Amino acid sequence: MEAMKETVEESLREMRDTFASGRTRSLKWRKRQIAAIYEMVKDNEDKLCSVLFQDLGKHSTEAFRDELGHVLRSATVAINCLDKWAVPKQSNLPLLFFPAKGKVISEPYGTVLVLSSWNFPISLSLDPLIGAIAAGNTVLLKSSELSPNASAFLAKTIPAYLDNKAIKVIEGGPDVATILLQHQWDKIFFTGSPKIGRIIMAAAAQHLTPVTLELGGKCPTIVDYPTISKNIKSVVKRITGGKWGSCSGQACISVDYVLIEKSFASSLIDMLKPLIRSFFGDNPKESGCLSRIVSKQHVQRLSRLLNDPRVQASIVYGGSIDEENLYVEPTILLDPPLDSEIMNEEIFGPILPIITVRDIQDSIGIIKSKAKPLAIYAFTNDENLKTRILSETSSGSVTFNDVMIQYMCDALPFGGVGESGIGRYHGKYSFDCFSHEKAIMEGSLAMDLEARYPPWNSFKLSFIRLAFSEAYFKLLLLMLGLKRST
Ligand SMILES: NC(=O)c1ccc[n+]([C@@H]2O[C@H](COP(=O)([O-])OP(=O)(O)OC[C@H]3O[C@@H](n4cnc5c(N)ncnc54)[C@H](O)[C@@H]3O)[C@@H](O)[C@H]2O)c1
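All values reported here derive from a predicted model rather than from experimental measurement.

What counts, and at which threshold
- Residues numbered from 1 in each chain as written.
- Predicted model: local features only at pLDDT ≥ 70, side-chain atom pairs only at ≥ 80, totals over all residues.
- Heavy atoms only, no water.
- Helix = DSSP H or I, 4+ residues; strand = E, 2+ residues; numbered from the N terminus.
- UniProt positions renumbered as here; feature names shortened; annotations may be inferred.
- Phe/Tyr/Trp six-rings, centres within 6.5 Å; stacked < 30°, edge-to-face > 60°.
- Buried < 20%, exposed > 50% of the residue type's maximum accessible area, 1.4 Å probe, protein only.
- Lys NZ or Arg CZ within 6 Å of the ring centre and 35° of its normal.
- Pairing = 2+ DSSP bridges.
- Axes fitted to C-alpha atoms, helices over the stretch in contact; angles between N-to-C directions.
- Contact = heavy atoms within 4.5 Å.
- Near = heavy atom within 4 Å.
- Polar contact = N/O pair within 3.5 Å; in protein donor to acceptor, adjacent residues only side chain to side chain.
- Areas by Shrake-Rupley, 256 points an atom, 1.4 Å probe, with all protein chains shown as cover.
- Nonpolar A, V, L, I, M, F, W, Y, C, P; charged D, E, K, R; others polar.
- Core = buried A, V, L, I, M, F, W, Y, C linked by side-chain atoms within 4.5 Å.
- pLDDT = per-residue confidence, 0-100.
- Salt bridge = Lys/Arg side-chain N within 4 Å of Asp/Glu carboxyl O.
- Patch = residues over 30% accessible without salt bridge, like charges linked within 9 Å, V, L, I, M, F, W, Y side chains within 5 Å.
- Parallel < 35°, antiparallel > 145°, perpendicular 65-115°, else oblique.
- Left-handed = near helix turned anticlockwise from the far one by under 90°.

(A) Broad picture of the environment of Ala371. Tracing the backbone through its elements, the reader meets Ala371 in the loop between helix 15 (363–368) and strand 15 (375–379). Placed 58 residues apart in sequence, Ala371 and Ala313 show a C-alpha to C-alpha distance of 26 Å.

If you want it as structure tokens, here you go:
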């Protein structure tokens, strides 16, 4: 670890020197680095698919949709939009400040630390990197130890494509993260669990470093069956895709559990079962389309959640586990107890609890009884229910009649609230996430208002009162002596 400490110190020194040199502020440099990320992904598509298969058993199509394609798009958007994003924004100042002018300029924070997660080890590393570079920072990326092949790829390949005096990768687990967190950074961007998010925030607080925490939680999915019954086939497909189709449910925005009125639950289950078979075959383990659980520890965690006898009794489909092959069968639970661990911990795996309610409106109470989720999904055409969800619950996002696509849509901010995170990124929001918005005021010495300065009197007090309320006509009258001071 002594050697690692030295590596970190040396890396930080070099990145700070590079930032101080001003090189990373040039838009040309930023675009060149982002273009290099694009080329790196393009040149290494097969290799990347292979490492994602080795680490997570991800099918190459899923890998392209969720990781490579996402990064390529993100890089293209950043290159195409950077000039526009970086333009200082003129502010329309109130007349009160005439003749001063105002604007906001986005300046890079400086040297940024990105700590990423293993479930989308390529996109969750490269997407924040694109944002940090677009904003003009130098960056150190620590990839996750739980996806070692993806991590090794990033550590080996990034220096071959990018300016390695400005952008660095360090591999390692909590011990390395701990060393990194002992240093002062200008911004920390973390993707991971709320538990470790707290450790990151506490370390950042020592230096008052701003943080973005992209965390997780339980994402509920309301199925308001009567209002969407005409399209129920699409609804079931979307739920199946949103639970099992992306890293086998190991995604922060996966469908965690479904809420549905009791009388419709069996119809939903009857449709989910054949659809799981049609997506993943009669033997999903061999289908090649279902990602593996990342580690034995995570299989054991899922096994523990299922082993509660009350949860066991709720299994209506699946339930088998093969720890050796890191496989958990797609599993459906019907009404596991709300106080069970599985209904209080983020599942992060291929298990879908279906919770029945007497009236679909009761879903809102259940959602509100838990921490603020990263996403709420609701299949409904009832405008009243939509309004209630929007106004009575709080979450990183709400998606009606679909799941997970909000992540792909870079015109929308992506991030959590409360237990599910702090801050947001994607598209222009990534640029903002890694920029400090600096307020610029260009004053004028052409005129001076004596009312700003002591000695104080009732005229000056009246002047200030009227100025704050922008009562310009009354101000004029006061200055002309046509209005009395109050
Ligand atoms: N919001 C998002 O975009 C998003 C995306 C993916 C995953 N997640 C969330 O991440 C969680 C799963 O990912 P995970 O298992 O990698 O999370 P994690 O919190 O265990 O680890 C995340 C990162 O923190 C580091 N870390 C672990 N222990 C640490 C410690 N004691 N001190 C400092 N750093 C430490 C890890 O090395 C890794 O780089 C889930 O909660 C999931 O919802 C969120």
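(B) Representation of the UniProt feature "domain: Aldehyde dehydrogenase" (unreviewed entry) in the protein chain. Cross-referencing UniProt, the feature "domain: Aldehyde dehydrogenase" (unreviewed entry) maps to residues 3–439 in the present numbering. Secondary structure across residues 3–439 divides into 47% helix and 18% strand, with the first and last C-alpha atoms of the span separated by 42 Å.

(C) Region of interest: the packing of aromatic side chains. For the structure shown, the criterion picks out nine aromatic pairs. Ring centres 5.5 Å apart and planes at 85° place the aromatic pair Trp118 and Phe348 in the edge-to-face group. Pair noted here: Trp118 is in the loop between strand 3 (111–115) and helix 5 (123–134) and Phe348 is in the loop between strand 13 (331–334) and strand 14 (351–357), with a separation of 230 residues, a long-range link. For the pair Trp118 and Phe348, one class covers both residues: buried. Over the ring of Phe434 we find Lys187; its NZ or CZ atom is 5.9 Å from the centre of that ring. The cationic tip of Lys386 hangs over the ring face of Phe400; the distance from NZ or CZ to the ring centre is 5.4 Å.

(D) View of the sheet that holds strand 10 (residues 315–317). Reading across the sheet, the seven strands line up as 10-13-14-9-8-15-16 and stay open at both edges, with mixed pairing between neighbours. Unpaired on one side and paired on the other, strand 10 and strand 16 (397–400) mark the two borders of the sheet. Across the sheet, the mean angle from the axis of one strand to that of its neighbour is 25°, orientation sign disregarded. Along the sheet face, helix 11 (residues 262–280) touches strand 9 (257–261), strand 10, strand 13 and strand 14 and points at about 135° away from the line of strand 9.

(E) Quick look at the site of the ligand. Close to the ligand lie 24 residues, the nearest being Trp118, Glu145, Ser193, Leu215 and Glu346. Side-chain polar atom of Ser193 to an oxygen atom of the ligand: 2.6 Å apart, as the coordinates give it. With respect to the ligand, the backbone of Glu214 contributes an N or O atom lying 3.5 Å from a nitrogen atom. Against a free-state accessible area of 840 Å², the protein chains account for coverage of 90% of the ligand. For the shell around the ligand, the secondary-structure elements that each account for two or more residues are helix 7 (174–181), strand 6 (187–191) and helix 8 (194–206). Its residues placed into classes, the shell around the ligand shows 12 nonpolar, eight polar and four charged.

(F) View of the nonpolar core. Counting residues in each nonpolar core, the largest one holds 88 residues, and the members touching the most others are Leu126 and Ile158. Discounting residues that sit within four places of it in the chain, Ile158 has contacts with Met40, Leu126, Leu129, Leu141, Phe153, Ile167 and Val169. Counting 25 residues, the second largest nonpolar core, distinct from the first, contains Leu259, Leu306, Ile366 and Ile376.

(G) Structural detail: the sheet that holds strand 6. Read from one edge of the open sheet, six strands run 5-4-3-6-7-17, paired in mixed fashion. Each having just a single partner strand, strand 5 (167–170) and strand 17 (421–422) make up the two edges of the open sheet. Strand direction decides the pairing type here: strand 6 and strand 7 (residues 211–214), joined by four bridges, are parallel. Bridging across to strand 7, Phe190 finds its partner in Leu213. Packed on one face of the sheet, helix 6 (residues 148–161) meets strand 4 (138–142) and strand 5 and runs near 160° to strand 5.

(H) Main features of the confidence of the model for the protein chain. On average, the protein chain scores 97 in pLDDT, and the residues at 70 or more come to 100%. ipTM for the predicted complex: 0.96, alongside a pTM of 0.96.

(I) Structural detail: the environment of His426. Within the element layout of this structure, His426 appears in the loop between strand 17 and helix 18 (428–433). Sequence spacing of His426 and Phe379 is 47 residues, and the spatial spacing of their C-alpha atoms is 25 Å. Not counting residues up to four positions away in its chain, the partners in contact with His426 are His70, Asp127, Tyr407, Asp410, Leu412 and Phe414.

(J) Here's a closer look at the pattern of salt bridges. Summed over all chains, the structure comprises 27 salt bridges. The partner of Lys262 in a salt bridge is Asp335, with the nearest N and O atoms 3.8 Å apart. Remark: Asp335 occurs in the loop between strand 13 and strand 14 and Lys262 occurs in helix 11; sequence separation between them is 73 residues. For Lys262, a relative accessible area of 58% translates into the label exposed. Accessibility expressed as a relative area gives 29% for Asp335, which makes it partly exposed. In this structure, Asp308 engages Arg310 in a salt bridge whose closest nitrogen and oxygen atoms are separated by 3.3 Å. According to the relative accessible area criterion, Arg310 is partly exposed, its value standing at 39%. Among the charged side chains, a salt-bridge network with shared partners connects Arg301, Arg304, Glu341 and Glu345.

(K) Layout of a nonpolar patch on the surface. Residues Leu95, Phe98, Met447, Leu449, Phe459, Phe473, Leu476, Met479, Leu480 and Leu482 make up a contiguous nonpolar surface patch of roughly 1,100 Å² in combined accessible area. Here the nonpolar patch gets three residues from one element, more than from any other, and that element is helix 20 (residues 472–479). Relative to the assigned elements, Leu480 resides in the segment after helix 20.

(L) Structural view of the pairing of strand 13. With two bridges connecting them, strand 10 and strand 13 associate as antiparallel partners. Residue pairing for strand 13: Ile315 is matched across the bridge by Leu333. By the bridge criterion, four bridges tie strand 13 to strand 14 in an arrangement that is parallel. What sits directly across from Leu334, in strand 14, is Ile354.

(M) Summary view of the packing of helix 10 (residues 232–244) against helix 11. Two elements in contact, helix 10 and helix 11, have axes whose closest approach is 10 Å; the angle formed by their N-to-C orientations is 60°. As far as their axial angle goes, helix 11 and helix 10 are oblique. Between helix 10 and helix 11 lies a crossing of right-handed hand. Contacts between helix 10 and helix 11 involve Ile232, Lys233, Val236, Lys237, Ile239, Thr240, Gly241 and Trp244 from the former and Leu268, Met271, Leu272, Leu275, Ile276, Phe279 and Phe280 from the latter. Considering only residue class, the contact of helix 10 with helix 11 consists of 11 nonpolar, two polar and two charged.

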